[in-house]
Structures are given as C-alpha cells and as structure tokens.
Amino acid sequence: MTREEVFIAVQDIFRDIFDDKDLIIENETSSSNIEGWDSLNHIGIISASEKEFKVKFALGELSSLKDIGSLVDMIIEKLK
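Criteria and cut-off values
- Residues numbered from 1 in each chain as written.
- Predicted model: local features only at pLDDT ≥ 70, side-chain atom pairs only at ≥ 80, totals over all residues.
- Heavy atoms only, no water.
- Helix = DSSP H or I, 4+ residues; strand = E, 2+ residues; numbered from the N terminus.
- Buried < 20%, exposed > 50% of the residue type's maximum accessible area, 1.4 Å probe, protein only.

Asks: When you look at the environment of threonine 29 in this model, what are you seeing that I'm missing?
Replies: With respect to the secondary-structure elements, threonine 29 resides in the loop between helix H1 (3–17) and helix H2 (39–53). C-alpha of threonine 29 to C-alpha of phenylalanine 18: the two residues are eleven residues apart in sequence and 14 Å apart in space.

Take a look at the structure:
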C-alpha cells in the first residue's frame, strides 16, 4: 500500500469513530485538534487500525505517537 492509500483508510477510520463523514484529517492532526478525541476514542482508533491493516501495535509503540502522520508511518512500517 502507498502512504496515500494508508492515509485515506485512516481518514475513513476517523470518520467512522467520530461519526463525521466530512471530517478531514492531516498529518499534523492530533487529539487536541478533534473535539471528542478522548481515551476511549483513541482505543477505538488503534483497534480499528489494527483490524483494517491486520497489524498489532505494542504498548510502547503507541506512546510514541504524536499525530496522525506518525500513526500512518507506523502502519506503513508494520506492513513492510
């Protein structure tokens, strides 16, 4: 998958989790940019990402995520 394909799939996950079909995310988007992004939604994002891309994240890896771009990059690394 290309980075763009992964990003589009992640955007779809965010739209589903936040129930907002018009939600636009960017690489720099973080929890402080999206209203309602709490710990429960964060777990949903990670779980949906693992399911969508058939990958598993270690707890230590998740602590390094700072924005959506870093999530996309981590997914790409795991798909290699």
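Asks: Help me out: how do you make sense of unusual backbone geometry in this one?
Replies: Apart from glycine, the bulk of residues carry a negative phi angle, and the bulk of peptide bonds sit in the trans form. You will see that aspartate 19, though not glycine, has its phi angle at about 50°, which is positive. Mapping aspartate 19 onto the fold places it in the loop between H1 and H2. The exposure class assigned to aspartate 19 is exposed, which follows from its relative accessible area of 66%. Of note, the phi angle at lysine 54 is positive, near 55°, even though the residue is not glycine. Residue placement: lysine 54 occurs in the loop between H2 and helix H3 (59–62). By relative accessible area, which is 73% here, lysine 54 ends up exposed.

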